[in-house]
Amino acid sequence: MASVTYDHVTKKFGEVTAINDLNIHVEDKEFLVLVGPSGCGKSTALRMLAGLEEISGGQIRIGERVVNDVAPKDRDIAMVFQSYALYPHMSVYDNMAFGLKLRKMPKAEIDARVKNAAGILGIGQLLTRKPKQLSGGQRQRVAVGRAIVRNPAVFLFDEPLSNLDAKLRVETRANISKLHQQLGTTFIYVTHDQVEAMTMASRIAVMKDGILQQIDTPQNLYDRPDNVFVAGFIGSPSMNFFDATLRSDTGRTIVDCGAFSLTIPEGKEAPYKDYINKSVVFGIRPEDIHDPNYAPPGIHQAPVEAKVDVTELMGNEVFLYLVSGDKNFVGRVDPRSRARIGDRVQVALNLDNMHLFDKATERAIR
């Protein structure tokens, strides 16, 4: 088992900086997810750890060993790719055993490792089949099994669920989380899907344009995002943002969004005093926008008049796409709501969970 450290790591492709001064320490046995939009550098960071890309600056350590110049095969890692990369002419057993045979491991140990991994993954009955006889989910489990038999210090996953349908993604996501608990090994997982990140990770590292934006537990990222990008990336549907100005009125602090104004609850105004008469960004998550008839008790509600533009019935909730003045925003409301397309409605914003960001820097105001 081993920790992983990115120490001021930089990666350049010619004049393009793909990774800029990356500093992350992954604890032993931790499940860290690197998440961000396409092109943010997350896969490059993983490939540098695996030894598939040279680094341009800084150090990468596995445990206490600097691995900058260590060959991939000697880094004690195993990687699961987006493509299954199974040998089509080999059985499941031989695909899983192939790497061990190259290392000239005794047959008895190979057999024990393959059967143990197959048992963990629930594919023991598939060992004699060829890849073409398997479903997508089964092939993905074989690819994971091929990594498990290596018994590495660190597992690397590069968007392994991208080729699966929605139902299989949910199922395989749970299997990988269970696998991490069973193996007790360090997992580093790359995805662009923030739902995968939120449901699987011990901690999440959010990246944008090669720069680490924030690293924290899933709940802290959701509750206390450091900037507008993290706030908008974590959560589905994403946070609603409104350009606004803070002003003071009879001793109270008002968020003036143009189409509507909100009074910040007493006791929560202190962090914002220095921003009076300045431009800010007001953020509120869809789940904090309620039908007033079904709003949770005890919250600080702010009423906003809006027109219902689109509704999406999800069964356990309704997404309301709303328009107030020139502002468009989304609410996730109770399924009992009677709001329909074209209605003028009043929605209740839960100001206990509001966010304000500096307009110029896009940093959270706390």
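Right, let's walk through the structure included here. (Residues numbered from 1 in each chain as written. Predicted model: local features only at pLDDT ≥ 70, side-chain atom pairs only at ≥ 80, totals over all residues. Heavy atoms only, no water.)

1. A word on the pairing of strand β17 (residues 318–324)
Now for step 1: Summarising burial for β17: 5 of the 7 residues are buried, a large majority.
Now for step 2: Sheet topology places strand β16 (residues 301–313) next to β17; 6 bridges connect them, and they run antiparallel. Note on β17: the bridge partner recorded for T311 is L320.
Now for step 3: Between β16 and β17, which pair antiparallel in sequence order, lie 4 residues; one of them, G315, sits at a positive phi of approximately 95 degrees.
Now for step 4: Relative to strand β18 (residues 327–333), β17 runs antiparallel, the two sharing 7 bridges. Residue S324 lies in a different strand from β18, and its bridge partner there is K327.
Now for step 5: Hairpin connection of β17 to β18: 2 residues between the antiparallel strands, including G325 at a positive phi of 65 degrees. (Buried < 20%, exposed > 50% of the residue type's maximum accessible area, 1.4 Å probe, protein only. Helix = DSSP H or I, 4+ residues; strand = E, 2+ residues; numbered from the N terminus. Pairing = 2+ DSSP bridges.)

2. Observations concerning the pairing of strand β11 (residues 240–249)
Now for step 1: Pairing analysis gives 6 bridges linking β11 to strand β14 (residues 279–284), with the strands arranged antiparallel. Bridge pairing in β14 places T245 opposite S279.
Now for step 2: Strand direction decides the pairing type here: β11 and strand β12 (residues 252–256), joined by 5 bridges, are antiparallel. Counterpart to T245 in the pairing with β12 is D256.
Now for step 3: Hairpin connection of β11 to β12: 2 residues between the antiparallel strands, including T250 at a positive phi of 50 degrees.

3. A closer look at the pattern of salt bridges
Now for step 1: This structure, assessed with the given rule, holds 16 salt bridges.
Now for step 2: The salt bridge involving E53 is made with R47; its shortest N-O contact spans 3.5 Å.
Now for step 3: Under the relative-accessibility criterion, E53 is labelled partly exposed at 22%.
Now for step 4: A relative accessible area of 29% means that R47 is categorised as partly exposed.
Now for step 5: Linking R252 and E269 is a salt bridge whose minimum nitrogen-to-oxygen distance equals 3.4 Å. Of this pair, R252 sits in strand β12 while E269 sits in the loop between β13 (261–263) and β14, placing them 17 residues apart in sequence.
Now for step 6: The class for E269 is buried, based on a relative accessible area of 11%. (Salt bridge = Lys/Arg side-chain N within 4 Å of Asp/Glu carboxyl O.)

4. Side note on the sheet that holds strand β4 (residues 57–62)
Now for step 1: The sheet built from 4 strands is open, its strands ordered β2-β1-β4-β5 with antiparallel pairing. Two strands lie at the open edges of the sheet, namely β2 (16–26) and β5 (65–66), each paired on one side alone.
Now for step 2: The sheet contact formed by strand β1 (residues 4–13) and β2 spans 7 bridges and is antiparallel. Looking across to β2, one finds that Y6 is bridged to I24.
Now for step 3: Against the sheet, helix α1 (residues 42–50) contacts β1, β2 and β4, and its axis sits at roughly 115 degrees relative to β1. (Contact = heavy atoms within 4.5 Å. Axes fitted to C-alpha atoms, helices over the stretch in contact; angles between N-to-C directions.)

5. Focus on the sheet that holds β11
Hydrogen bonds along the backbone pair up the strands of a sheet, which may run parallel or antiparallel.
Now for step 1: Strand order in the open sheet formed by 5 strands is β13-β12-β11-β14-β20, and the pairing between neighbours is antiparallel. In this open sheet, the two edge strands, each paired with only one partner strand, are β13 and β20 (355–358). With strand direction ignored, the average angle separating the axes of adjacent strands in the sheet is 35 degrees.
Now for step 2: Relative to β13, β12 runs antiparallel, the two being bridged by 3 bridges. Residue pairing for β13: D256 is matched across the bridge by S261.

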